[in-house]
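# Fold and geometry: a report
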Amino acid sequence: MTSALLHVDVFVFSGAMAGVSLSVIDMLRIANMVAQLQQGASATPVRWQLLNGRGAPISSANRMFGAYVQQPTGAETNPASHHVCFVPPLHGQNIPAVRAQVKALPSVQACVQAHLAHGHTVATVSSGAWFVGEGAQTGGIKMALPWYFLSGFCRDFPGVPLCTEYDWVADGALITGALPSSVTSVVLAMLRNALPEEQVQACERLLVHQKERSAMTLQTVQEQHIRATRDSAVARAVVWLDQHLEQTYSLDAVASAAAVSPRTILRHFQQVMGMSPLDYLHAQRVKRARILLEVTLNDIPTIAHACGYADPAAFRRIFMRLE
């Protein structure tokens, strides 16, 4: 069992954007998945616990959040080398409402300040910054906030330097994201403080849009497909079948469209597609039927006819077999 390298306390409480906290846990799960792929099934470098507004752990029996509670694995018996406390943004409609919410949650604020006092990292997004403003003001730590909170935060914590160039910033023991959309960057910064760089980079490839990688992958896939099917008998047969889903199947017609004999198109189709032209036609018809069932109010016989089946009973049998 690999010892945990990172332990994260994730707050979720009434009035908070719970989805942001749960997104953090989903990304921590991805970090463990990457570690298991790289190091083996026993690797669990990240541990977390959900805390409520009183700072108490949330049980797996909790109906709303229990599924996000991490199950014991044995790694929790080994102290993590790095600790983080994550505070989600609040649903306050305005700055006075945010101030009132923070004041009503003294246990959260106390836990945050305790983390800072012990030299642990605190991560927060948007209005969650109010829970750490006092500590940031004392330490002169730079923070990121959305523009609509800047004036109120400056009045409450005039000694905090604010970053307006980026949507997130890591400064010392504090990681802040200006907007809920910056939570991915915040989590990657948390991971980078504790995990090997190759694991963090692997997580980043899964969590952050990779424009060049996506373009290259798509180009490669398309080129491989084109090389295999460009102007081939199978390509011509597939196009013809896709354009004539509702027509009665005829192998002679498929072969004629592909400009080869029926025997040749059967052999080539099986080699390239792994199925016969008729099996491919059934699969495409079922795809069309599924869409029609979802977006129309037509009855089964009408949908069956639109997908090339004169007998609704035969349509049902094929639909159930391929679904």
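Structure shown above.
A brief structural summary.

Calculation notes
Residues numbered from 1 in each chain as written. Predicted model: local features only at pLDDT ≥ 70, side-chain atom pairs only at ≥ 80, totals over all residues. Heavy atoms only, no water. Helix = DSSP H or I, 4+ residues; strand = E, 2+ residues; numbered from the N terminus. Buried < 20%, exposed > 50% of the residue type's maximum accessible area, 1.4 Å probe, protein only. Contact = heavy atoms within 4.5 Å. Areas by Shrake-Rupley, 256 points an atom, 1.4 Å probe, with all protein chains shown as cover. Salt bridge = Lys/Arg side-chain N within 4 Å of Asp/Glu carboxyl O. Core = buried A, V, L, I, M, F, W, Y, C linked by side-chain atoms within 4.5 Å. Phe/Tyr/Trp six-rings, centres within 6.5 Å; stacked < 30°, edge-to-face > 60°. Lys NZ or Arg CZ within 6 Å of the ring centre and 35° of its normal. Pairing = 2+ DSSP bridges. Axes fitted to C-alpha atoms, helices over the stretch in contact; angles between N-to-C directions. Right-handed = clockwise from strand over helix to strand, strands pointing away.

### Things to note about the overall build of the protein
In terms of regular secondary structure, the protein is built from 14 helices and eight strands. The buried share of the protein, reckoned over its 323 residues, is 43%. Long-range pairs, those at least 24 residues apart, make up 62% of the contacts in the protein with a sequence separation of at least 6. Per element, the accessible surface of the protein, about 16,800 Å² overall, is 55% carbon and sulfur.

### A closer look at the pattern of salt bridges
Considering all chains together, one arrives at five salt bridges under this definition. For the salt bridge of Arg288 with Glu246, the shortest nitrogen-to-oxygen distance reads 3.7 Å. Of this pair, Arg288 sits in helix H12 (residues 277–295) while Glu246 sits in the loop between helix H9 (233–243) and helix H10 (251–258); the two residues are 42 residues apart in sequence, bridging distant segments of the chain. One connected set of salt bridges, linked through shared partners, spans Arg192, Glu197 and Glu204.

### So, the nonpolar core
Counting residues in each nonpolar core, the largest one holds 35 residues, and the members touching the most others are Val8, Phe86 and Leu191. Broken down by secondary-structure element, the contributors of at least two residues to this core are strand S1 (6–11), helix H1 (18–39), strand S2 (46–51), strand S3 (82–87), strand S4 (121–125), helix H6 (183–192) and helix H7 (197–207). Top element by residues in this core is H1. It accounts for eight residues. Discounting residues that sit within four places of it in the chain, Phe86 has contacts with Val8, Asp9, Val10, Phe11, Val20, Ser21, Val24, Ala123, Thr124, Val125, Val183 and Val186. Judged by nonpolar contacts, the second largest core, of 28 residues, contains Val112, Trp130, Val132 and Val160.

### Some details on the packing of aromatic side chains
Think of a pair of aromatic rings as described by two things: how far the centres are apart, and how the planes are tilted against each other in angle. A complete count under the given rule lists ten aromatic pairs for this structure. Both rings, one in Phe153 and one in Phe157, keep their centres 4.8 Å apart while their planes meet at 50 degrees; by these two values the pair is tilted. No difference in accessibility class separates Phe153 from Phe157, as the two residues are buried. The ring of Tyr309 carries the charged tip of Arg285 above its face, separated from the ring centre by 4.9 Å.

### Comments concerning the sheet that holds S4
Across the sheet, which stays open at both edges, the six strands sit in the order S2-S1-S3-S4-S8-S7 with mixed pairing between neighbours. Only two strands of the sheet have a single neighbouring strand rather than two, namely S2 and strand S7 (168–171). In this sheet, adjacent strand axes meet at a mean angle of 15 degrees when their direction is disregarded. Here S3 pairs with S4 via four bridges, running parallel. Among the inter-strand pairings, Val87 is bridged to a residue of S4, identified as Thr124. Set on the sheet, H1 makes contact with S1, S2 and S3; between it and S2 the angle comes to about 160 degrees. Contacts from helix H3 (residues 106–117) reach S1, S2, S3 and S4 within the one sheet, and its direction differs from that of S3 by about 150 degrees.

### A look at the pairing of strand S8 (residues 174–177)
Burial along S8 is two-sided: the face carrying Leu174 and Thr176 and the face carrying Ile175 and Gly177 are both buried. As paired strands, S4 and S8 are joined by four bridges and run parallel to one another. Opposite Thr124, over in S8, you have Thr176 as the bridge partner. Bridge count between S7 and S8: four bridges; the pairing is antiparallel. Along S8, the bridge assignment pairs Asp171 with Leu174. The hairpin formed by S7 and S8 contains two residues between the paired strands, and Gly172 there has a positive phi angle of roughly 65 degrees.

### Notes on unusual backbone geometry
Of note, the phi angle at Ser126 is positive, near 55 degrees, even though the residue is not glycine. Looking at the secondary structure, you find Ser126 in the loop between S4 and helix H4 (133–139). Even without being a glycine, Ala259 presents a positive backbone phi close to 65 degrees. Along the polypeptide, Ala259 turns up in the loop between H10 and helix H11 (262–273). You can call Ala259 exposed: its relative accessible area is 60%.

### Some details on the pairing of S2
Across the six residues of S2, five count as buried, placing the element largely inside the fold. Here six bridges tie S1 to S2, and the two strands are oriented parallel to one another. Residue Asp9 lies in a different strand from S2, and its bridge partner there is Gln49. The β-α-β motif built from S1, the intervening H1 and the parallel element S2 has right-handed crossover chirality.

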